[in-house]
Amino acid sequence: MTGGPGAVLVMGEALIDLVPSTQEPRTHLAQPGGAPANVAAGLAGLGTPSWYAGALGGDGFARTIEERLVSAGSELGLCARSPLPTALAVADPGPEGTGYHFHLQDTATFRIQDRSSEVGRFGAVYVGGLAAVVEPAAEAVAATARAGAGQSVLVVDPNVREDRTLDPEAGAERLRELCALAHVVKASDEDLVHLWPNTDPEETCRTLAREGRLVVLTRGARGSTAYTRSGEPVSVPAVPVDVVNTIGAGDAFMAGVLSWLVGSGAHRSGGASTLPRERAEAMLRFASQVAASVVAQSGTEPAVPNRA
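Scoring rules and cut-offs
Residues numbered from 1 in each chain as written. Predicted model: local features only at pLDDT ≥ 70, side-chain atom pairs only at ≥ 80, totals over all residues. Heavy atoms only, no water. Salt bridge = Lys/Arg side-chain N within 4 Å of Asp/Glu carboxyl O. Helix = DSSP H or I, 4+ residues; strand = E, 2+ residues; numbered from the N terminus. Buried < 20%, exposed > 50% of the residue type's maximum accessible area, 1.4 Å probe, protein only. 1 Å grid on protein atoms, 1.4 Å probe; cavity = no way out; pocket = protein on both sides within 12 Å on 5 of 7 lines; lining within 4 Å. Points joined across faces, edges and corners; volume = space filled by probe spheres on them. Nonpolar A, V, L, I, M, F, W, Y, C, P; charged D, E, K, R; others polar. Pairing = 2+ DSSP bridges. Axes fitted to C-alpha atoms, helices over the stretch in contact; angles between N-to-C directions. Phe/Tyr/Trp six-rings, centres within 6.5 Å; stacked < 30°, edge-to-face > 60°. Parallel < 35°, antiparallel > 145°, perpendicular 65-115°, else oblique. Left-handed = near helix turned anticlockwise from the far one by under 90°. Contact = heavy atoms within 4.5 Å. Expected span 1.5 Å × (residues − 1). Polar contact = N/O pair within 3.5 Å; in protein donor to acceptor, adjacent residues only side chain to side chain.

All told, the structure shown has 12 salt bridges when counted by the stated rule. In this structure, the salt-bridge partner of Arg81 is Glu66, at a minimum N-O distance of 3.0 Å. Of the two residues, Arg81 is situated in strand S6 (residues 80–81) and Glu66 in helix H2 (residues 60–72); the sequence distance between them amounts to 15 residues. Looking at Glu66, the relative accessible area reads 26%, which means it is partly exposed. One salt bridge connects Glu173 with Arg176, and the closest N-O pair in it is separated by 3.1 Å. Of this pair, Glu173 and Arg176 both sit in helix H4 (residues 168–181), three residues apart, which is roughly one turn of that helix. Three or more residues are tied together by salt bridges with common partners; here these are Glu135, Glu139, Arg146 and Arg174.

Empty pockets left among the atoms are what a rolling probe the size of a water molecule brings to light. In this structure, the second largest pocket occupies an estimated 550 Å³ of space. Lining of the second largest pocket is provided by 31 residues; of these, Val133, Leu166, Asp167, Pro168 and Gly171 occupy positions nearest its centre. Of all elements in the fold, only H4 and helix H5 (189–195) reach the threshold of two or more residues within the lining of the second largest pocket. Within the lining of the second largest pocket, the residues separate by chemical class into 14 nonpolar, seven polar and 10 charged.

In spatial order, the strands read S4-S1-S9-S10-S11-S12-S13-S14; together these eight strands make up an open sheet with mixed pairing. Two strands lie at the open edges of the sheet, namely strand S4 (50–52) and strand S14 (234–236), each paired on one side alone. The mean angle between the axes of side-by-side strands here comes to 15°, regardless of whether they run parallel or antiparallel. Where strand S9 (residues 122–128) and strand S10 (residues 154–157) come together, four bridges link them in parallel fashion.

As a further point, take the packing of aromatic side chains. All told, the structure shown has one aromatic pair when counted by the stated rule. A ring pair is formed by Trp51 and Phe122, whose centres lie 6.0 Å apart and whose planes are at 70°; its orientation type is edge-to-face. In this pair, Trp51 is assigned in strand S4 and Phe122 in strand S9, connecting sequence segments 71 residues apart. Take Trp51: its relative accessible area is 8%, and that puts it in the buried class. With a relative accessible area of 4%, Phe122 lands in the buried category.

Helix-helix packing is described using two parameters, namely the angle between the two axes and the distance between the axes. The geometry of helix H1 (residues 35–45) relative to helix H7 (residues 249–264) is characterised by a closest axis approach of 8 Å and an angle of 45° between their N-to-C directions. For the element pair H1 / H7, the angle class is oblique. The two elements H1 and H7 cross, and the hand of that crossing is right-handed. Here H1 contributes Ala35, Asn38, Val39, Gly42 and Leu43 to the contact with H7, which in turn contributes Asp251, Met254, Ala255, Leu258 and Ser259. Looking at the contact of H1 with H7 residue by residue, the classes come out as six nonpolar, three polar and one charged.

Moving on, we get to H7. With 16 residues, H7 should reach 22 Å at 1.5 Å per residue; the first-to-last C-alpha distance of 22 Å fits that figure. Most of H7 sits inside the fold, with 13 of its 16 residues counted as buried. Following H7 by one or two positions, Gly265 has its phi on the positive side, about 80°.

Summarising the element assignment, Asn38 is placed in helix H1. Polar side-chain contacts of Asn38 include one of 3.0 Å to the side chain of Arg68.

All right, on to unusual backbone geometry then. The amide bond that connects Glu135 to the next residue, Pro136, takes the cis arrangement and shows omega of 5°. Turning to its location among the elements, Pro136 is positioned in the loop between S9 and helix H3 (137–151). Even without being a glycine, Asn159 presents a positive backbone phi close to 45°. By the element assignment, Asn159 lies in the loop between S10 and H4. Overall, the relative accessible area of 12% leaves Asn159 in the buried class.

Okay, the packing of H1 against H2 next. Packing of H1 against H2 brings their axes to within 8 Å, and their N-to-C directions diverge by 25°. With respect to each other, H1 and H2 are oriented roughly parallel. Residues Ala37, Asn38, Ala40, Ala41, Ala44 and Gly45 of H1 lie in contact with H2, whose contacting residues are Arg68, Leu69 and Ala72. Taken together, the residues of the contact of H1 with H2 sort by class into six nonpolar, two polar and one charged.

For H3, spanning 15 residues, the distance from its first C-alpha to its last is 21 Å, which sits close to the expected 21 Å at 1.5 Å a residue. Along H3, the residues classified as buried are Ala137, Ala138, Ala140, Val141, Ala142, Ala143, Thr144, Ala145, Ala147 and Gly148. Against the buried residues of H3 lie strand S1 (4–11), S9, S10 and H4.

So this is what it looks like as C-alpha coordinates:
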(Lines give C-alpha, C1' and ligand atoms only; values in the text may rest on other atoms or scores of the structure.)
Protein backbone atom coordinates (compact mmCIF):
# COMPACT_ATOMS: atom_id res chain seq x y z
CA MET A 1 0.00 0.00 0.00
CA THR A 2 1.37 3.39 -0.99
CA GLY A 3 0.65 7.05 -0.39
CA GLY A 4 3.31 9.72 -0.53
CA PRO A 5 3.66 13.51 -0.27
CA GLY A 6 1.58 14.00 -3.40
CA ALA A 7 -1.33 11.81 -2.27
CA VAL A 8 -4.45 12.78 -0.31
CA LEU A 9 -6.36 10.66 2.21
CA VAL A 10 -10.06 11.56 1.91
CA MET A 11 -12.30 10.55 4.82
CA GLY A 12 -16.07 10.83 4.87
CA GLU A 13 -19.30 9.58 3.37
CA ALA A 14 -20.22 8.22 -0.02
CA LEU A 15 -23.98 8.08 -0.50
CA ILE A 16 -26.65 8.34 -3.16
CA ASP A 17 -28.25 11.67 -4.08
CA LEU A 18 -31.83 11.34 -5.28
CA VAL A 19 -32.23 14.32 -7.61
CA PRO A 20 -35.51 15.44 -9.24
CA SER A 21 -35.53 14.79 -12.98
CA THR A 22 -35.79 17.91 -15.11
CA GLN A 23 -37.92 15.98 -17.63
CA GLU A 24 -40.19 14.20 -15.13
CA PRO A 25 -40.60 16.23 -11.91
CA ARG A 26 -42.15 13.33 -9.97
CA THR A 27 -39.17 11.10 -10.79
CA HIS A 28 -35.89 11.18 -8.86
CA LEU A 29 -32.61 10.13 -10.45
CA ALA A 30 -30.05 8.28 -8.33
CA GLN A 31 -26.51 9.59 -8.64
CA PRO A 32 -23.39 8.95 -6.52
CA GLY A 33 -22.74 11.74 -4.05
CA GLY A 34 -21.47 12.68 -0.62
CA ALA A 35 -19.06 15.61 -0.36
CA PRO A 36 -15.97 13.52 0.55
CA ALA A 37 -16.61 10.98 -2.20
CA ASN A 38 -17.06 13.86 -4.66
CA VAL A 39 -13.74 15.32 -3.51
CA ALA A 40 -11.96 11.95 -3.79
CA ALA A 41 -13.25 11.41 -7.33
CA GLY A 42 -12.55 15.04 -8.24
CA LEU A 43 -8.95 14.86 -7.02
CA ALA A 44 -8.28 11.68 -8.98
CA GLY A 45 -9.87 13.19 -12.07
CA LEU A 46 -7.58 16.22 -11.71
CA GLY A 47 -4.53 13.95 -11.55
CA THR A 48 -3.97 14.07 -7.77
CA PRO A 49 -3.72 10.60 -6.17
CA SER A 50 -6.58 10.12 -3.71
CA TRP A 51 -7.34 7.33 -1.26
CA TYR A 52 -10.98 7.17 -0.26
CA ALA A 53 -11.32 6.13 3.40
CA GLY A 54 -15.08 5.86 3.77
CA ALA A 55 -17.37 2.85 3.93
CA LEU A 56 -19.36 1.07 1.23
CA GLY A 57 -22.40 -1.16 1.66
CA GLY A 58 -23.66 -4.36 0.12
CA ASP A 59 -26.37 -3.07 -2.22
CA GLY A 60 -26.56 -1.98 -5.84
CA PHE A 61 -26.11 1.66 -4.87
CA ALA A 62 -22.77 0.81 -3.25
CA ARG A 63 -21.64 -0.92 -6.43
CA THR A 64 -22.55 2.19 -8.41
CA ILE A 65 -20.50 4.35 -6.01
CA GLU A 66 -17.55 1.98 -6.19
CA GLU A 67 -17.62 1.99 -9.99
CA ARG A 68 -17.65 5.77 -9.97
CA LEU A 69 -14.66 6.06 -7.60
CA VAL A 70 -12.64 3.38 -9.36
CA SER A 71 -13.31 4.82 -12.83
CA ALA A 72 -12.21 8.24 -11.59
CA GLY A 73 -8.95 6.69 -10.35
CA SER A 74 -9.41 6.90 -6.58
CA GLU A 75 -7.87 4.10 -4.49
CA LEU A 76 -10.17 2.06 -2.22
CA GLY A 77 -7.60 0.13 -0.18
CA LEU A 78 -8.61 2.01 2.99
CA CYS A 79 -12.35 1.87 2.38
CA ALA A 80 -14.36 -0.17 4.92
CA ARG A 81 -17.04 -2.65 3.81
CA SER A 82 -20.40 -3.56 5.33
CA PRO A 83 -23.44 -5.61 4.26
CA LEU A 84 -25.74 -2.75 5.31
CA PRO A 85 -27.49 -0.52 2.72
CA THR A 86 -26.29 2.83 1.44
CA ALA A 87 -27.47 6.15 2.89
CA LEU A 88 -29.72 8.35 0.75
CA ALA A 89 -29.89 12.13 0.40
CA VAL A 90 -33.06 13.43 -1.26
CA ALA A 91 -32.13 16.66 -3.01
CA ASP A 92 -34.53 19.61 -3.01
CA PRO A 93 -33.14 22.21 -5.45
CA GLY A 94 -34.37 25.78 -5.07
CA PRO A 95 -33.47 29.37 -6.00
CA GLU A 96 -31.31 29.74 -2.87
CA GLY A 97 -29.43 26.46 -3.42
CA THR A 98 -30.09 22.78 -2.82
CA GLY A 99 -31.54 21.47 0.44
CA TYR A 100 -31.45 17.81 1.47
CA HIS A 101 -33.52 15.32 3.44
CA PHE A 102 -31.47 12.38 4.68
CA HIS A 103 -32.06 8.68 5.25
CA LEU A 104 -29.02 7.75 7.34
CA GLN A 105 -29.88 5.28 10.11
CA ASP A 106 -28.64 1.69 9.98
CA THR A 107 -26.59 2.24 6.84
CA ALA A 108 -23.10 1.15 5.84
CA THR A 109 -22.18 4.73 4.93
CA PHE A 110 -21.16 5.71 8.46
CA ARG A 111 -19.34 2.50 9.47
CA ILE A 112 -16.09 4.36 8.82
CA GLN A 113 -12.92 3.17 10.53
CA ASP A 114 -10.30 5.20 12.38
CA ARG A 115 -7.33 5.67 10.02
CA SER A 116 -5.03 7.50 12.44
CA SER A 117 -2.23 5.01 11.86
CA GLU A 118 -2.26 5.71 8.11
CA VAL A 119 -2.19 9.52 7.96
CA GLY A 120 1.61 9.88 8.09
CA ARG A 121 1.86 8.29 4.65
CA PHE A 122 -0.08 11.09 2.95
CA GLY A 123 0.75 14.64 2.01
CA ALA A 124 -2.68 15.84 3.07
CA VAL A 125 -5.74 14.52 4.91
CA TYR A 126 -9.23 15.79 4.03
CA VAL A 127 -12.22 15.42 6.38
CA GLY A 128 -15.69 16.90 6.35
CA GLY A 129 -19.27 16.32 5.37
CA LEU A 130 -21.95 14.39 7.21
CA ALA A 131 -19.47 11.80 8.48
CA ALA A 132 -17.94 14.47 10.70
CA VAL A 133 -21.19 14.78 12.67
CA VAL A 134 -23.04 11.45 12.29
CA GLU A 135 -22.12 8.55 14.55
CA PRO A 136 -20.48 6.08 14.47
CA ALA A 137 -18.39 7.81 11.80
CA ALA A 138 -17.90 11.10 13.69
CA GLU A 139 -15.56 9.66 16.31
CA ALA A 140 -13.41 7.93 13.68
CA VAL A 141 -13.25 11.16 11.67
CA ALA A 142 -12.24 13.19 14.76
CA ALA A 143 -9.51 10.72 15.75
CA THR A 144 -8.10 10.61 12.22
CA ALA A 145 -8.23 14.41 11.99
CA ARG A 146 -6.30 14.80 15.24
CA ALA A 147 -3.61 12.46 13.91
CA GLY A 148 -3.65 14.21 10.54
CA ALA A 149 -3.12 17.60 12.17
CA GLY A 150 0.04 16.30 13.84
CA GLN A 151 1.52 14.22 11.04
CA SER A 152 0.27 15.69 7.78
CA VAL A 153 -1.65 18.69 6.42
CA LEU A 154 -5.25 18.63 7.65
CA VAL A 155 -7.87 20.08 5.30
CA VAL A 156 -11.39 20.61 6.63
CA ASP A 157 -14.57 21.43 4.72
CA PRO A 158 -17.36 21.75 7.32
CA ASN A 159 -20.07 21.54 4.62
CA VAL A 160 -22.90 22.16 7.11
CA ARG A 161 -26.16 20.34 6.39
CA GLU A 162 -29.53 20.92 8.08
CA ASP A 163 -32.11 18.18 8.53
CA ARG A 164 -34.46 16.98 11.26
CA THR A 165 -32.31 13.85 11.67
CA LEU A 166 -29.23 15.90 12.65
CA ASP A 167 -28.44 17.53 16.01
CA PRO A 168 -27.48 21.10 15.04
CA GLU A 169 -25.71 22.02 18.28
CA ALA A 170 -23.65 18.84 18.62
CA GLY A 171 -22.83 18.92 14.92
CA ALA A 172 -21.71 22.54 15.01
CA GLU A 173 -19.46 21.86 17.99
CA ARG A 174 -17.78 18.95 16.22
CA LEU A 175 -17.22 21.01 13.08
CA ARG A 176 -15.78 23.94 15.04
CA GLU A 177 -13.34 21.54 16.71
CA LEU A 178 -12.23 20.22 13.31
CA CYS A 179 -11.73 23.75 11.98
CA ALA A 180 -9.59 24.53 15.05
CA LEU A 181 -7.33 21.55 14.19
CA ALA A 182 -7.06 22.33 10.48
CA HIS A 183 -4.21 23.80 8.48
CA VAL A 184 -6.60 24.59 5.59
CA VAL A 185 -10.31 25.41 5.94
CA LYS A 186 -12.65 25.74 2.98
CA ALA A 187 -16.13 26.98 3.88
CA SER A 188 -19.07 28.78 2.35
CA ASP A 189 -20.44 31.94 3.89
CA GLU A 190 -23.54 29.91 4.87
CA ASP A 191 -21.35 27.33 6.66
CA LEU A 192 -19.71 30.05 8.74
CA VAL A 193 -23.02 31.69 9.68
CA HIS A 194 -24.21 28.35 11.04
CA LEU A 195 -20.97 27.67 12.95
CA TRP A 196 -20.30 31.20 14.27
CA PRO A 197 -23.75 32.85 14.09
CA ASN A 198 -22.83 36.03 15.92
CA THR A 199 -19.81 36.87 13.78
CA ASP A 200 -19.55 38.17 10.23
CA PRO A 201 -18.17 35.37 7.98
CA GLU A 202 -15.30 37.53 6.80
CA GLU A 203 -14.22 38.26 10.37
CA THR A 204 -14.40 34.54 11.16
CA CYS A 205 -12.08 33.90 8.21
CA ARG A 206 -9.64 36.55 9.36
CA THR A 207 -9.56 35.09 12.86
CA LEU A 208 -8.96 31.54 11.62
CA ALA A 209 -6.25 32.76 9.26
CA ARG A 210 -4.46 34.80 11.95
CA GLU A 211 -4.13 31.58 13.93
CA GLY A 212 -1.99 30.09 11.15
CA ARG A 213 -4.37 28.68 8.54
CA LEU A 214 -5.22 29.14 4.91
CA VAL A 215 -8.95 29.89 4.84
CA VAL A 216 -10.92 29.84 1.60
CA LEU A 217 -14.37 31.41 1.64
CA THR A 218 -16.81 30.59 -1.17
CA ARG A 219 -19.89 32.64 -2.03
CA GLY A 220 -21.32 30.77 -5.01
CA ALA A 221 -21.91 33.09 -7.94
CA ARG A 222 -20.20 35.92 -6.02
CA GLY A 223 -16.80 34.27 -6.21
CA SER A 224 -14.27 33.26 -3.58
CA THR A 225 -11.68 34.76 -1.24
CA ALA A 226 -8.47 33.39 0.28
CA TYR A 227 -7.28 34.54 3.71
CA THR A 228 -3.72 33.93 4.86
CA ARG A 229 -1.76 34.69 7.99
CA SER A 230 0.67 36.99 6.25
CA GLY A 231 -1.35 39.10 3.82
CA GLU A 232 -4.56 40.82 2.84
CA PRO A 233 -7.46 38.71 1.52
CA VAL A 234 -7.39 37.84 -2.18
CA SER A 235 -10.66 37.53 -4.10
CA VAL A 236 -11.56 36.27 -7.57
CA PRO A 237 -14.94 36.30 -9.31
CA ALA A 238 -16.81 33.13 -10.20
CA VAL A 239 -16.27 31.92 -13.76
CA PRO A 240 -19.25 33.03 -15.89
CA VAL A 241 -21.22 29.98 -17.01
CA ASP A 242 -24.75 28.96 -17.95
CA VAL A 243 -25.89 27.16 -14.81
CA VAL A 244 -27.25 23.66 -15.38
CA ASN A 245 -26.63 22.17 -11.93
CA THR A 246 -25.21 23.35 -8.61
CA ILE A 247 -24.96 19.95 -6.89
CA GLY A 248 -21.31 19.09 -6.31
CA ALA A 249 -19.97 22.51 -7.31
CA GLY A 250 -18.55 23.25 -3.85
CA ASP A 251 -16.92 19.81 -3.72
CA ALA A 252 -15.37 20.38 -7.14
CA PHE A 253 -14.04 23.72 -5.91
CA MET A 254 -12.56 21.95 -2.85
CA ALA A 255 -10.94 19.34 -5.09
CA GLY A 256 -9.48 22.15 -7.19
CA VAL A 257 -8.00 23.94 -4.16
CA LEU A 258 -6.51 20.75 -2.77
CA SER A 259 -5.18 19.56 -6.12
CA TRP A 260 -3.52 22.94 -6.70
CA LEU A 261 -1.95 23.02 -3.23
CA VAL A 262 -0.59 19.47 -3.45
CA GLY A 263 0.49 19.80 -7.07
CA SER A 264 2.40 23.01 -6.37
CA GLY A 265 3.85 21.77 -3.07
CA ALA A 266 2.39 24.82 -1.33
CA HIS A 267 0.78 22.65 1.35
CA ARG A 268 4.12 21.58 2.87
CA SER A 269 5.74 23.04 5.99
CA GLY A 270 2.99 25.55 6.69
CA GLY A 271 3.28 27.08 3.23
CA ALA A 272 -0.46 27.20 2.66
CA SER A 273 -0.95 29.78 5.42
CA THR A 274 1.62 32.13 3.90
CA LEU A 275 0.73 31.95 0.21
CA PRO A 276 1.81 35.14 -1.57
CA ARG A 277 -0.95 37.08 -3.26
CA GLU A 278 -0.28 35.94 -6.82
CA ARG A 279 -0.24 32.25 -5.84
CA ALA A 280 -3.41 32.55 -3.80
CA GLU A 281 -5.09 34.13 -6.79
CA ALA A 282 -3.84 31.36 -9.08
CA MET A 283 -5.22 28.74 -6.69
CA LEU A 284 -8.64 30.39 -6.55
CA ARG A 285 -8.83 30.81 -10.32
CA PHE A 286 -7.95 27.16 -10.87
CA ALA A 287 -10.55 25.99 -8.33
CA SER A 288 -13.18 28.32 -9.81
CA GLN A 289 -12.63 26.82 -13.25
CA VAL A 290 -13.00 23.32 -11.82
CA ALA A 291 -16.27 24.30 -10.11
CA ALA A 292 -17.57 25.97 -13.28
CA SER A 293 -17.02 22.76 -15.24
CA VAL A 294 -19.49 21.03 -12.87
CA VAL A 295 -22.05 23.85 -12.80
CA ALA A 296 -22.21 23.80 -16.60
CA GLN A 297 -23.30 20.14 -16.81
CA SER A 298 -25.77 17.75 -15.20
CA GLY A 299 -23.21 15.53 -13.43
CA THR A 300 -20.65 16.12 -10.68
CA GLU A 301 -17.41 15.09 -12.46
CA PRO A 302 -15.11 18.10 -13.00
CA ALA A 303 -13.07 18.83 -16.10
CA VAL A 304 -9.36 19.58 -15.85
CA PRO A 305 -8.54 23.26 -16.47
CA ASN A 306 -5.17 24.59 -17.58
CA ARG A 307 -3.00 24.84 -14.44
CA ALA A 308 -1.11 27.76 -15.92
